[in-house]
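The chain contents come next:
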Amino acid sequence: PARSRNVGLAAASGEIIAMLDGDDTWPRGKLRAQMASLEDRAIGMVSGLTAYCDAIDPATLVPPADARVETVPTVHVGACLYRAGVLAAVGPFDESYRYADDWDLLLRLRDAGVREAVRPEIALWHRRHPGSLLTTPDPRRKQEIAIAVAHSLARRRARAVS
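Residues numbered from 1 in each chain as written. Predicted model: local features only at pLDDT ≥ 70, side-chain atom pairs only at ≥ 80, totals over all residues. Heavy atoms only, no water.

## Topic: the nonpolar core
To keep things clear, this is the line we draw: By nonpolar core we mean a set of buried residues, namely Ala, Val, Leu, Ile, Met, Phe, Trp, Tyr and Cys, connected to one another through side-chain atoms within 4.5 Å. Buried, partly exposed and exposed residues are distinguished by accessible area as a fraction of the type maximum, computed with a 1.4 Å probe on protein chains only: under 20%, between the cut-offs, and over 50%, respectively. In this description a helix means any DSSP run of H or I spanning at least four residues, a strand means any run of E spanning at least two, and both kinds are numbered starting from the N terminus. In this analysis, two residues are considered to be in contact whenever any of their non-hydrogen atoms come within 4.5 Å of each other.
Counting residues in each nonpolar core, the largest one holds 15 residues, and the members touching the most others are Met19, Met45, Tyr82, Leu87 and Leu109. Where this core is concerned, the elements lending two or more residues are α3 (84-90) and α4 (101-111). Not counting residues up to four positions away in its chain, the partners in contact with Leu87 are Leu9, Ile17, Met19, Tyr82, Leu105 and Leu109. With five residues, the next largest nonpolar core counts Leu38, Ile43, Val46 and Ala117 among its residues.

Next comes the structure, spelled out in structure tokens:
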């Protein structure tokens, strides 16, 4: 995913960046609500809740009534809007990660002190299905997240010492 996301970032020309993986969708009104939060120029990114689901109706682009849905207060790259300048300041997605490129980017944004607005509504319908990157068992996933967190801690410690 990191390489594809970097290709998209390199091609982007707007001031506000949004990312959406091919198997996820946004709720109606997500962009409008999050853009309102970005009216405050001090805000570098805005996020909302992520709802994990096992199905998305292709006609409505939301989970059907019988879908399993779990809404969590976690930051997911697809649930956010970003100012292009803050993404440029922290650099592209680290392509050495297969699973934790998003964790790494979000931690770098926080470590850089980017101000974030958090909205209380669902900002991403994240579909988990057999064969997807997140449902395929691989011990490297947890290892990569631990590496991203360790890098974040090292950055924070280095900043505290300077």
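That was the structure; now back to the text.
## Some points on the packing of α4 against helix α5 (residues 140-161)
Selection rule: Simply put, an axis is a line fit to the C-alpha atoms, just over the touching stretch for a helix, and the angle between two N-to-C directions goes from 0 to 180 degrees. Note on terminology: angles under 35 degrees are roughly parallel, angles over 145 are roughly antiparallel, angles of 65 to 115 are roughly perpendicular, and the others are oblique. Handedness of each helix crossing follows the sense of rotation of the near helix against the far helix: counterclockwise by less than a right angle gives left-handed, clockwise gives right-handed. By the convention adopted, Pro, Cys, Tyr, Trp, Phe, Met, Ile, Leu, Val and Ala count as nonpolar, Lys, Arg, Asp and Glu as charged, and the other residues, Gly among them, as polar.
Relative orientation of the contacting elements α4 and α5 amounts to 15 degrees, with a least axis distance of 9 Å. The angle between α4 and α5 places the two elements in the roughly parallel class. Of the two elements, α4 crosses α5, and the hand of that crossing is right-handed. Listed contacts from α5 to Trp103, Asp104, Leu107, Arg108, Arg110 and Asp111 of α4 are Ile145, Ala148, Val149, Ser152, Arg155, Arg156 and Arg159. Across the contact of α4 with α5, the residue classes tally to five nonpolar, one polar and seven charged.

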